[in-house]
Amino acid sequence: MTGSLLARRVLGHAATYLVLIVAAALTLGPFLFSVMTALTSTTQFAQEGPLSVPAPPVLDNVIALFSSEDGFVTPVAVTVQMVAVILAGQMVFSVLAAYAFAQLRFPGRDLLFWVYIATLMVPQVVVVVPLYLMLSEMGLRNTFWALVLPFVLGSPYAIFLLRENFRGMPSELMDAMRIDGAGTLRLLWHLVVPLNRPIIVTLVLITVVTHWNSFMWPMVITSGPEWRVITVATSALQSQYNNNWTLVMAGTTLAMLPLVILMIVFQKQITRSVGDATLR
């Protein structure tokens, strides 16, 4: 290798790493700033500014969030329940619907599938008012079921993704299980779901992240602290404690912490599912 070629290669690698470092700093900077501010005392923040390193780190802001009357105890509990119910419903109904669209034959199957998938092109903000009116007429406004009913019966994106994976299932394995007397539910549980576990895990993560971060619909359909979710509670902190940014950042950090932990724990499954999708 000549000296000029080596120099060009070194410069190319250096430029690549420089771009990656800048991108990482821009992406991780706000999260780091949020954590630093959440662990900074109110006195230090007022004296040294927002970019000061906590010296020492304190948990006073986190304790204040959970000890106050309008704290995070109820929003966290409501959010966990909401996400759990939506996740269970979406996974069950999405798997069943995707299997039906992929393996069963019935009149109008493909037309029904593409009409349903076409709803992905409809902005969510368009359906907020009709959904609000429907649930209000049913007497469900400001209830737990108003938070989950519009989302619990499957997801077009999940059904589309699962259908494409189910269509690639080995027909020989499915026929062998049917010959052994396996019904549809047994076939799904013992063959289809295990073979598609990476993509299902990815859909679980997408569903959890989406509905944990849901803000507009919970804000519209609920009022008061009884059914307030964590995103609405975090937003309320900004108006309730306008000058107490350490408390606001503590709320923001707590809101995103479960998602960060979830992504770290399941990063291998996400990478595997992306690799499988690329190979397909």
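The shown structure was predicted, so the numbers you read here are calculated from the model rather than taken from an experiment.

Q: Any details on the layout of surface pockets? Residues and values, ideally.
A: Approximately 790 Å³ is the volume found for the largest pocket. Around the largest pocket, the lining comprises 27 residues; the ones closest to its centre are Gln124, Pro150, Phe151, Pro156 and His211. Listing elements by their share of the lining of the largest pocket, those giving two or more residues are α6 (124-137), α8 (156-166), α11 (197-212) and α12 (216-221). With 5 residues, the top contributor of residues to the lining of the largest pocket is α11. When the residues that make up the lining of the largest pocket are grouped by side-chain class, the tally is 18 nonpolar, 9 polar and no charged.

Q: How would you sum up the packing of aromatic side chains? Please name residues and give values.
A: Using the criterion set out here, one finds 7 aromatic pairs in the structure. Plain terms: the ring middles of Phe101 and Phe106 are 6.4 Å apart, the flat faces sit at 45 degrees to each other, and that makes the pair tilted. The class for Phe101 is buried, based on a relative accessible area of 9%. Classification of Phe106 by relative accessible area gives partly exposed; the value is 32%. Grouped by ring-pair contacts, the aromatic residues Phe101, Phe106, Phe113, Trp114 and Phe160 constitute a single cluster. In this structure, Arg163 is placed above the aromatic ring of Phe113, and the distance from its NZ or CZ to the ring centre is 4.0 Å.

Q: Can you explain the pattern of salt bridges? Please cite residues and give values.
A: This structure, assessed with the given rule, holds 3 salt bridges. The shortest N-O distance in the salt bridge between Arg163 and Glu164 comes to 2.7 Å. The exposure class of Arg163 is buried, given its relative accessible area of 5%. In this structure Glu164 comes out as partly exposed when scored by relative accessible area, which is 32%. What emerges from the salt-bridge pattern is a single network uniting Arg163, Glu164 and Arg167.

Q: If you had to explain α11 to someone new, which residues and values would you point to?
A: Along its 16 residues, α11 runs 22 Å from first to last C-alpha, staying within 8% of the 22 Å computed at 1.5 Å per residue. Along α11, the residues that are buried comprise Pro198, Ile199, Ile200, Val201, Thr202, Leu203, Leu205, Thr207, Val208, His211 and Trp212.

Thresholds, definitions, all that
- Residues numbered from 1 in each chain as written.
- Predicted model: local features only at pLDDT ≥ 70, side-chain atom pairs only at ≥ 80, totals over all residues.
- Heavy atoms only, no water.
- 1 Å grid on protein atoms, 1.4 Å probe; cavity = no way out; pocket = protein on both sides within 12 Å on 5 of 7 lines; lining within 4 Å.
- Points joined across faces, edges and corners; volume = space filled by probe spheres on them.
- Helix = DSSP H or I, 4+ residues; strand = E, 2+ residues; numbered from the N terminus.
- Nonpolar A, V, L, I, M, F, W, Y, C, P; charged D, E, K, R; others polar.
- Phe/Tyr/Trp six-rings, centres within 6.5 Å; stacked < 30°, edge-to-face > 60°.
- Buried < 20%, exposed > 50% of the residue type's maximum accessible area, 1.4 Å probe, protein only.
- Lys NZ or Arg CZ within 6 Å of the ring centre and 35° of its normal.
- Salt bridge = Lys/Arg side-chain N within 4 Å of Asp/Glu carboxyl O.
- Expected span 1.5 Å × (residues − 1).

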